[in-house]
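# Structural overview for review
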Amino acid sequence: MLLEKKVALITGAARGIGKQIALAFAREGANIAFTDLEANEQSQQTADEIKALGVDVRFYAGNAADFDAAHQVVEQVLADFGHLDILVNNAGITRDTLLMRMTEQQWDQVIQVNLKSAFNFTHAVTPAMMRQRSGSIISLSSVVGINGNAGQANYAASKAGIIALTKSVAKELGSRGIRANAIAPGFILTDMTKALSEDTLKQFVSMIPMRRGGEPEEVAKVALFLACDLSSYVSGQVIQVNGAMA
Ligand code: NAP
């Protein structure tokens, strides 16, 4: 088991990529703390699936973009589990439109949920990880955070910010045994991408040399690598999971 007795906190994990990361970690023996906006059938279903794998699981409802709420979640996780080894900053949203039509609210929402949430949780876990002199912080960026994308200026900027945050955290905390890495998925088949129009979907797939979208499980396998000791000397990196999409 790659993560036996480790504790992982994953934000926005009731569904999608976050859920698959939680399940992949649990299969390797990690106890799982996960968050999402609210407790509902979906979060209960995810908790039940994780529990069925024989590990401890707890769900924490809250807005990852809220600084105080994020700190409260981390405090509670430490009280419930005693320690915290892995953080996955996964919560994310899109509010796509061309820049000239983008409202201030659409810009602010995406930056707050995608980028500020990663700051909030990284800030909150740092003291505990520094004390234990170990930790792996994984944040979900995106291919568009590297290349930009028409119609996604807010989302692309938030995901580029994740990369700079990750590289800075890796430099600040490396001497304390804490690693920080980002995953930049390409086009992954989740609710987020199902919301795109059929034309946009076709356009995306035609740009992917592997000629298909990725599965959330394929992102989860890379998160598992970054979470465990197989990547013990990997830090400050961005791993693209994109079927060779440029
Ligand atoms: P998804 O299916 O839309 O799931 C996102 C999850 O985040 C949902 O469970 C959602 O909760 C939760 N969430 C949203 N806002 C939140 C908030 N303020 N606080 C806490 N939780 C919140 O998305 P996904 O495709 O799995 O994406 C996961 C991550 O990968 C995101 O950061 C995304 O940007 C990134 N990514 C995805 C793709 C892709 O192609 N799918 C590509 C590149 C990067 P609710 O259920 O309550 O809405």
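Quick caveat: nothing in here was measured; it's all calculated off a predicted structure.

Attention now moves to the side chain of Ser 136. Assignment of secondary structure puts Ser 136 in strand β5 (residues 135-140). A polar contact is formed between the side chain of Ser 136 and the backbone oxygen of Leu 226, at a distance of 2.9 Å. Filtering out sequence-adjacent residues up to four positions away, Ser 136 remains in contact with Asp 85, Ile 86, Leu 87, Met 129, Arg 179, Leu 226 and Ala 227.

Bringing the sheet that holds strand β4 (residues 86-89) into the picture now. Judged by pairing direction, the sheet is parallel, and its 7 strands sit side by side in the order β3-β2-β1-β4-β5-β6-β7 without closing on themselves. Unpaired on one side and paired on the other, β3 (57-61) and β7 (238-241) mark the two borders of the sheet. Strand-to-strand twist of the sheet, defined as the mean angle between neighbouring strand axes without regard to direction, takes the value 15°. Where β5 and strand β6 (residues 178-185) come together, 6 bridges link them in parallel fashion. When the sheet's bridge partners are listed, Ser 136 is paired in β6 with Arg 179. Of the strands in this sheet, β5, β6 and β7 are in contact with helix α6 (residues 153-173), which crosses β6 at around 160°.

Moving on, we come to the environment of Gly 16. Looking at the secondary structure, you find Gly 16 in helix α1 (residues 16-27). Spatially, the C-alpha atom of Gly 16 lies 16 Å from that of Ala 39, the residues being 23 residues apart in sequence.

Turning to the packing of α1 against helix α9 (residues 216-227), a few remarks are in order. With their axes 8 Å apart at the nearest point, α1 and α9 run at an angle of 50° to one another. In terms of orientation, α1 and α9 fall into the oblique class. Where α1 crosses over α9, the handedness of that crossing is right-handed. Residues Gly 16, Ile 17, Gln 20, Ile 21, Ala 24 and Phe 25 of α1 pack against Pro 216, Glu 217, Val 219, Ala 220, Ala 223, Leu 224 and Ala 227 of α9. In terms of residue class, the contact of α1 with α9 is built from 10 nonpolar, 2 polar and 1 charged.

In this section: α1. Between its terminal C-alpha atoms α1 stretches 17 Å, which fits the 16 Å expected from 12 residues at 1.5 Å a residue. Among the 12 residues of α1, 10 are classified as buried, and the element is accordingly described as predominantly covered. All buried positions along α1 are accounted for by Ile 17, Gly 18, Lys 19, Gln 20, Ile 21, Ala 22, Leu 23, Ala 24, Phe 25 and Ala 26. As for α1, its buried residues are in contact with β1 (7-10), β2 (31-36), α2 (41-51), β4, β5 and α9.

With that settled, the discussion passes to the site of the ligand. Lining the immediate surroundings of the ligand are 27 residues, of which Arg 15, Asp 36, Asn 90, Tyr 155 and Thr 190 lie closest. Contacts to the ligand include Gly 12, whose backbone N or O atom sits 3.5 Å from an oxygen atom. Side-chain polar atom of Asp 36 to an oxygen atom of the ligand: 2.4 Å apart, as the coordinates give it. Considered on its own, the ligand offers 900 Å² of accessible surface; in the complex 92% of this is hidden by protein.

What counts and what doesn't
- Residues numbered from 1 in each chain as written.
- Predicted model: local features only at pLDDT ≥ 70, side-chain atom pairs only at ≥ 80, totals over all residues.
- Heavy atoms only, no water.
- Helix = DSSP H or I, 4+ residues; strand = E, 2+ residues; numbered from the N terminus.
- Polar contact = N/O pair within 3.5 Å; in protein donor to acceptor, adjacent residues only side chain to side chain.
- Contact = heavy atoms within 4.5 Å.
- Pairing = 2+ DSSP bridges.
- Axes fitted to C-alpha atoms, helices over the stretch in contact; angles between N-to-C directions.
- Parallel < 35°, antiparallel > 145°, perpendicular 65-115°, else oblique.
- Left-handed = near helix turned anticlockwise from the far one by under 90°.
- Nonpolar A, V, L, I, M, F, W, Y, C, P; charged D, E, K, R; others polar.
- Expected span 1.5 Å × (residues − 1).
- Buried < 20%, exposed > 50% of the residue type's maximum accessible area, 1.4 Å probe, protein only.
- Near = heavy atom within 4 Å.
- Areas by Shrake-Rupley, 256 points an atom, 1.4 Å probe, with all protein chains shown as cover.

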